[in-house]
Amino acid sequence: MFRTFVNAWKVADIRKKIIFTAIIILIYRIGSALPVPFVNIADEGFFGSDTAGTFVTYLSMMTGNAFNYGTLFALSITPYINASIIIQLLTVVIPYLQNLSKEGEEGRKKMEKINRYTAVALGLLQSVAYFFYIRSQGFLTTFDGKFSKVIEALVVIFCYTAGTVIVMWLGERINEKGIGNGVSIILFAGIVARMPTTITSLYQYLDHGGVYFVLVPIAAIALIAMIFYIVWMDNAERRIPVQYAKRVVGRKMYGGQNTHMPIKVNMCGVLPIIFASSILSIIPTIAMFAPGSENSFWYKLSNVWLGQTHPFYGTFYFIFIIFFAYFYAAIQYNPIDMADNLRKNSGSIPGIRPGKPTSTYITKVLNKITLLGALLLSVIAMFPILFSQFAGLLTENGMNLAIGGTSIIIMVGVALETEKQIESQMMMRHYKGFLE
């Protein structure tokens, strides 16, 4: 990977794109530190340890802790990501969106415009909810005057919504003039920005002494091992052998070759973990907005039964990951269409008859691969939780890993994707084709 970036730096065009991308990331990080008018930023942030396991924790991770401090880019790129997921799911059930997705470049531009408008709408809704929460917690600086409350609300909500639009624009600039994958790179930059905090928190555990001198090195080695594990999982694939029959078109003969149909083991990426953690964080987030005593129903439901240290949380987390893995795989892959495409191109799977037997065989393979990929994802998602519970049995204060499996998967996935993007651009510039 490092060799790829070193070689890319030697190419003038790619070097300009890398520098432009770095400038965009710098602008994004500056915006993540800019305060919003009327918002009183505390040194410890808006959200303390009582929000652990809530949707707030997830948003803080995705925004590089900007959400925790109420800065201009507090919502970051999350409204756009949520809008993309929603539109992708609606494409399956809405015929108009299905037709747009099949119209080539024009359809893609229209779908992208729909994504933008949906992201702005979601950003506005999240800005309103975010404003009412920080106002209820006393994090706003009020002023005396006519319509002060209305002006205060409009300014804060407008700033957060505008921040969402600016971040989307920055991501598009990376796609046009940078190295590409603008949304992923912005998300990557936000997560990487939390790495110093993660390293510091791990180092601070050594101050407790005792068994922490063993747990901290184990945690550090385990996080590094998870990176290698994710790289291996991302490259793993199931190859279905395919044979193409010979056919004569004019004076030329086509086909007659053996190839394979690759199916990635981790075909859904990090989405099952994101969906599962989002569902489980709904109740703790509701409880955060409805505070009560330790004997209240919401407190017990969020902090005890669905707390990250309770077995119920791990069980439901595992079940939801499996469920959403199958759900997303069913949306992405259609065995009937895959079998029809093979038949139309005179292809077949050895030992399997074309048509329905082929689609049945592909369905069985997809089900097995989806289960295997979901189990591999579960290992990454469950490790920080299990390790924290194990550390809690050995120590009084416990040990919470500040970085989770979701963060590591996103970082490694974006890094690998960016490397492939740069390699493809380098190959285009060094490919001589018919000139030799």
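Just so you know, these numbers come straight off a predicted model, no measurement behind them. (Residues numbered from 1 in each chain as written. Predicted model: local features only at pLDDT ≥ 70, side-chain atom pairs only at ≥ 80, totals over all residues. Heavy atoms only, no water.)

A. Spatial organisation of the overall build of the chain. When its secondary structure is counted, the chain shows 18 helices and 5 strands. For the chain, buried positions account for 44% of its 436 residues. Taking contacts inside the chain between residues at least 6 apart in sequence as the whole, the part at least 24 apart equals 72%. By element, 64% of the accessible surface of the chain is carried by carbon and sulfur atoms, the whole surface being about 24,000 Å². (Helix = DSSP H or I, 4+ residues; strand = E, 2+ residues; numbered from the N terminus. Buried < 20%, exposed > 50% of the residue type's maximum accessible area, 1.4 Å probe, protein only. Contact = heavy atoms within 4.5 Å. Areas by Shrake-Rupley, 256 points an atom, 1.4 Å probe, with all protein chains shown as cover.)

B. Looking closely at the packing of aromatic side chains. Enumeration according to the criterion identifies 8 aromatic pairs in this entry. A ring pair is formed by Phe 320 and Phe 324, whose centres lie 6.3 Å apart and whose planes are at 35 degrees; its orientation type is tilted. Taken as a pair, Phe 320 and Phe 324 lie in helix H15 (residues 311-332) at a separation of 4 residues, close to a single helical turn. Classification of Phe 320 by relative accessible area gives partly exposed; the value is 24%. Note on Phe 324: relative accessible area 13%, which makes it buried. By the ring-pair criterion, three or more aromatic residues cluster together here, those being Phe 320, Phe 323, Phe 324 and Phe 327. (Phe/Tyr/Trp six-rings, centres within 6.5 Å; stacked < 30°, edge-to-face > 60°.)

C. Spotlight on the side chain of Asn 266. On the secondary structure map, Asn 266 appears in the loop between strand S4 (258-264) and helix H12 (271-280). When its relative accessible area of 7% is taken as the criterion, Asn 266 is described as buried. Not counting residues within four places of it along the chain, the set of residues in contact with Asn 266 comprises Met 233 and Leu 377.

D. Expanded view of the sheet that holds strand S1 (residues 237-244). With respect to topology, 3 strands assemble into an open sheet ordered S4-S1-S5, the strand pairing being antiparallel. A single partner strand is all that each edge strand has here, and the edge strands are S4 and strand S5 (347-348). Of the strand pairs in this sheet, S1 and S4 are connected by 7 bridges, and their pairing is antiparallel. Counterpart to Pro 241 in the pairing with S4 is His 260. (Pairing = 2+ DSSP bridges.)

E. The arrangement of the nonpolar core in detail. Membership of the largest hydrophobic core comes to 96 residues, with the highest contact counts inside it found for Ile 77, Ile 134, Val 156, Tyr 160, Ile 273 and Tyr 317. In terms of residue count, helix H17 (residues 356-394) provides more of this core than any other element does, 12 residues in total. The residues contacting Tyr 317, other than those within four sequence positions of it, are Ile 273, Ala 276, Ser 277, Leu 280, Ala 381, Met 382, Ile 385 and Thr 406. (Core = buried A, V, L, I, M, F, W, Y, C linked by side-chain atoms within 4.5 Å.)

F. Quick peek at the confidence of the model for the chain. For the chain, the mean per-residue pLDDT works out to 79, and 82% of the residues sit at or above 70. By mean pLDDT, helix H14 (residues 297-305) is the weakest element of the chain at 62, and helix H8 (residues 148-177) is the strongest at 90. (pLDDT = per-residue confidence, 0-100.)

G. Molecular detail of the pattern of salt bridges. As enumerated under the stated definition, the model contains 5 salt bridges in all. Glu 172 is paired through a salt bridge with Arg 116; the nearest N and O atoms lie 2.5 Å apart. Of this pair, Glu 172 sits in helix H8 while Arg 116 is found in helix H7 (residues 104-136), placing the two residues 56 residues apart along the sequence. By relative accessible area, Glu 172 is classed as buried at 18%. One salt bridge connects Glu 237 with Arg 239, and the closest N-O pair in it is separated by 2.7 Å. (Salt bridge = Lys/Arg side-chain N within 4 Å of Asp/Glu carboxyl O.)

H. The arrangement of the packing of H12 against H15 in detail. At a minimum axis distance of 8 Å, the contact between H12 and H15 shows a crossing angle of 135 degrees. Between H12 and H15, the interaxial angle falls into the category oblique. Considering the relative orientation of H12 and H15, their crossing is right-handed. In contact with Leu 271, Pro 272, Ile 273, Phe 275, Ala 276, Ser 277, Ile 279 and Leu 280 of H12, H15 contributes Tyr 313, Phe 316, Tyr 317, Phe 320, Ile 321, Phe 324, Ala 325 and Tyr 328. (Axes fitted to C-alpha atoms, helices over the stretch in contact; angles between N-to-C directions. Parallel < 35°, antiparallel > 145°, perpendicular 65-115°, else oblique. Left-handed = near helix turned anticlockwise from the far one by under 90°.)

I. View of H7. Taking 1.5 Å of rise per residue, the 33 residues of H7 would be expected to cover 48 Å, and the 48 Å separating its terminal C-alpha atoms lies within 8% of that figure. Backbone geometry just after H7 places Gly 138 at a positive phi near 80 degrees. (Expected span 1.5 Å × (residues − 1).)

J. The arrangement of a nonpolar patch on the surface in detail. Judged by side-chain polarity, Val 211, Phe 213, Val 214, Ile 218, Phe 390, Leu 393 and Leu 394 come together as a nonpolar surface patch covering roughly 690 Å² of accessible area. Elements supplying a minimum of two residues to the nonpolar patch: helix H11 (212-235) and H17. For Val 214, the position within the fold is in helix H11. (Patch = residues over 30% accessible without salt bridge, like charges linked within 9 Å, V, L, I, M, F, W, Y side chains within 5 Å.)

K. Structural detail: helix H16 (residues 335-344). Listed in full, the buried residues belonging to H16 are Pro 335, Met 338, Ala 339 and Leu 342. All buried residues of H16 fall inside an arc of 95 degrees around its axis, so they share one side. Turned more than 90 degrees away from the buried face of H16, the exposed residues are Ile 336 and Lys 344. (Arc of directions from axis to C-beta.)

L. Quick look at unusual backbone geometry. At Phe 38, a position not held by glycine, the phi torsion is positive, near 75 degrees. If you trace the backbone, Phe 38 turns up in the loop between helix H2 (12-31) and helix H3 (55-62). Phi is positive for Ser 76, which is not a glycine, with a value near 55 degrees. Inspection of the secondary structure assignment puts Ser 76 in the loop between helix H4 (66-69) and helix H5 (78-93).

M. Representation of empty space enclosed by the protein. Per the stated rule, a full pass over the model turns up 2 cavities of 30 Å³ or more. Estimated volume of the largest cavity: approximately 50 Å³. In terms of residue count, the dominant contributor to the lining of the largest cavity is H17 (5 residues). (1 Å grid on protein atoms, 1.4 Å probe; cavity = no way out; pocket = protein on both sides within 12 Å on 5 of 7 lines; lining within 4 Å. Points joined across faces, edges and corners; volume = space filled by probe spheres on them.)

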